Amino acid sequence: MNKVFNLSLAALCTTLSFSSATVLAADDTIKVGVLHSLSGTMAISETTLKDTVLMLIDEQNKKGGLLGKKLEPVVVDPASNWPLFAEKARELIEKEKVDVVFGGWTSVSRKSMLPVFEELNSILFYPVQYEGEESSKNVFYTGAAPNQQAIPAVDYLMDELEVERWVLAGTDYVYPRTTNKILEAYLKSKGVAEEDIMINYTPFGHSDWQSIVSDIKKFGEAGKKTAVVSTVNGDANVPFYKELGAQGVSSEDIPVIAFSVGEEELSGMDTEPLVGHLAAWNYFMSVDTEVNEEFVETWQSFIKSDKRVTNDPMEAHYIGFNMWAQAVTNAGTTDAEAVQDALIGVSVPNLSGGYSTMLPNHHITKPVLIGEIQDDGQFDIVWETTGLVAGDAWSNYLPESAKLFSSWSKPFSCGAFNVETKKCSGGN
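Described below are features of the structure shown in this document. None of the values given here were measured: they were computed from a predicted structure.

Cut-offs and rules
Residues numbered from 1 in each chain as written. Predicted model: local features only at pLDDT ≥ 70, side-chain atom pairs only at ≥ 80, totals over all residues. Heavy atoms only, no water. Patch = residues over 30% accessible without salt bridge, like charges linked within 9 Å, V, L, I, M, F, W, Y side chains within 5 Å. Areas by Shrake-Rupley, 256 points an atom, 1.4 Å probe, with all protein chains shown as cover. Salt bridge = Lys/Arg side-chain N within 4 Å of Asp/Glu carboxyl O. Lys, Arg positive; Asp, Glu negative; His and termini not counted. Charge placed at Lys NZ, Arg CZ, Asp CG, Glu CD. Helix = DSSP H or I, 4+ residues; strand = E, 2+ residues; numbered from the N terminus. Buried < 20%, exposed > 50% of the residue type's maximum accessible area, 1.4 Å probe, protein only. Polar contact = N/O pair within 3.5 Å; in protein donor to acceptor, adjacent residues only side chain to side chain. Contact = heavy atoms within 4.5 Å. Pairing = 2+ DSSP bridges. Axes fitted to C-alpha atoms, helices over the stretch in contact; angles between N-to-C directions.

**A word on a negative patch on the surface**
At step 1: Taken together, the side chains of D288, E290, E293, E294 and E297 make up a negatively charged region of the molecular surface.
At step 2: In this fold, E294 is placed in helix α10 (residues 290-303).
At step 3: The class for E294 is exposed, based on a relative accessible area of 54%.

**What about the side chain of S230?**
At step 1: Within the secondary structure, S230 sits in strand β8 (residues 226-231).
At step 2: Residue classification places S230 among the buried positions, given a relative accessible area of 1%.
At step 3: Here the side chain of S230 touches V232 through a polar contact of 3.2 Å, landing on its backbone nitrogen.
At step 4: Setting aside its immediate chain neighbours within four residues, S230 contacts A169, N237, F240, V256, I257, A258, F259 and S260.

**Things to note about the pattern of salt bridges**
At step 1: This structure, assessed with the given rule, holds 20 salt bridges.
At step 2: Here E264 makes a salt bridge to R308, at a shortest N to O gap of 4.0 Å. Placement of E264 in helix α9 (residues 263-266) and of R308 in the loop between α10 and α11 (312-331) is noted, with a sequence separation of 44 residues between them.
At step 3: A residue is classified by how much of its surface remains accessible, and E264, at 13% relative accessible area, is buried.
At step 4: According to the relative accessible area criterion, R308 is partly exposed, its value standing at 23%.
At step 5: Among the salt bridges present, the one from D341 reaches K410, with a minimum N-O distance of 2.9 Å. Of this pair, D341 sits in helix α12 (residues 336-343) while K410 sits in the loop between β17 (404-407) and β18 (414-418), and the two are 69 residues apart along the sequence.

**Comments concerning the sheet that holds strand β7 (residues 197-202)**
At step 1: Spatial strand order, β7-β6-β8-β9-β10-β14-β15: seven strands in an open sheet with mixed pairing. In this open sheet, the two edge strands, each paired with only one partner strand, are β7 and β15 (379-384). With strand direction ignored, the average angle separating the axes of adjacent strands in the sheet is 25°.

**Here we look at unusual backbone geometry**
Trans peptide bonds make up most of the peptide bonds, and negative phi angles are found at most residues other than glycine.
At step 1: Residue P411 is reached from K410 by a cis peptide bond, and omega for that bond is 5°.
At step 2: Topologically, P411 is positioned in the loop between β17 and β18.
At step 3: Residue K97 is not a glycine yet carries a positive backbone phi of 60°.
At step 4: With respect to the element layout, K97 can be found in the loop between α3 (82-95) and β3 (100-103).
At step 5: With a phi close to 50°, S413 is a non-glycine residue in the positive phi region.
At step 6: Following the sequence through the fold, S413 ends up in the loop between β17 and β18.

**Some points on the environment of K423**
At step 1: Looking at where K423 falls in the secondary structure, it is placed in strand β19 (residues 423-424).
At step 2: As for K423 and L404, which are separated by 19 residues in sequence, their C-alpha atoms are 9.8 Å apart.
At step 3: Leave out the neighbours within four places in its chain, and K423 touches A416, F417 and N418.

**Section: the environment of E72**
At step 1: Along the chain, the position of E72 falls in strand β2 (residues 70-76).
At step 2: Classification of E72 by relative accessible area gives partly exposed; the value is 30%.
At step 3: Residues E72 and S45, 27 residues apart in the sequence, show an inter-C-alpha distance of 23 Å.
At step 4: Leaving out residues up to four positions away in the same chain, E72 has contacts with T29, I30, K31 and V32.

Right under this line is the structure:
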């Protein structure tokens, strides 16, 4: 009987020891959620961002991790399914117990996730240009706000290319619609007549561009210099640019400036008919700095291909990840509340040779660059701001938004403070 009891006790001790070791092993890592579409219409853009976060984690682990612990990536695929982003975000936070999430591309995916992060008080780093009109305590926006991309792009076309007629072409969801609403108001404030603005939306994955490109050509025949401002997103860009080439729409006749086409998207296209068209970003692979050269080399070594390109959202993840790592170090913990506070004011190198800072409105400072497509799929930088531009959460060109500003610094802690009513109208 004693022998049986001793065997049972030994088995129980072994089980308890194994369980303790499992808990200890879990406690010895800091889990990082990676929430990017690896399938569906947005995989063309987001798969590379997943790989970027894995590279950044790998590099941080080579430096010893954070707080004496290794970083452990937890990758999920929301499959370009917007409601699934919320489900996967909840899975990462509640089940996987991640301390931070890097993810999203489209604004509809971010809008889907946002209530989950706010409910569970977790942290999301969102790396892509977006429409603004939002400031959440739980989201850190490392991509461009409209005043860091869309407005400077229009100014460039107006001032440098003397554009007078405007085609605002976008995918049919919140980012293009809100951005174009801001741009339409901005253009009208600059004296552009309503008949000189054409707005068109197409669904995700749209493939038949023949009639739309034909309409653009016709719109451009009014005797005024015409340009296309494109917020077309995802794999629909491939047939769009192909049709531009097929109908002979050259950059000299009707230049296209894109906000969602970078080096990664161009790597899958025939760029010959696209030469001279433009893109507005805050980073290009062709940026000539030592830190960028090192980043490109690290990326191509990690991905095991000297053909792979870098792009703007990758730099945004680079900046955001390093900001998070610095904030965790400064706070001495991965606790969401402490890290949220520690992030404000953190400055880290960007890849253009300067430093980007996290502002109290959870947006960052960034340079603005205009690049011209080359036949090798790279961009020749033709214009850039003289300094960094601070991201503005609320547009000055929309009447209701012009009254709002955001600051998450304590004791203020408001994402939408109305300067007229002197009240906080909500978190986002």
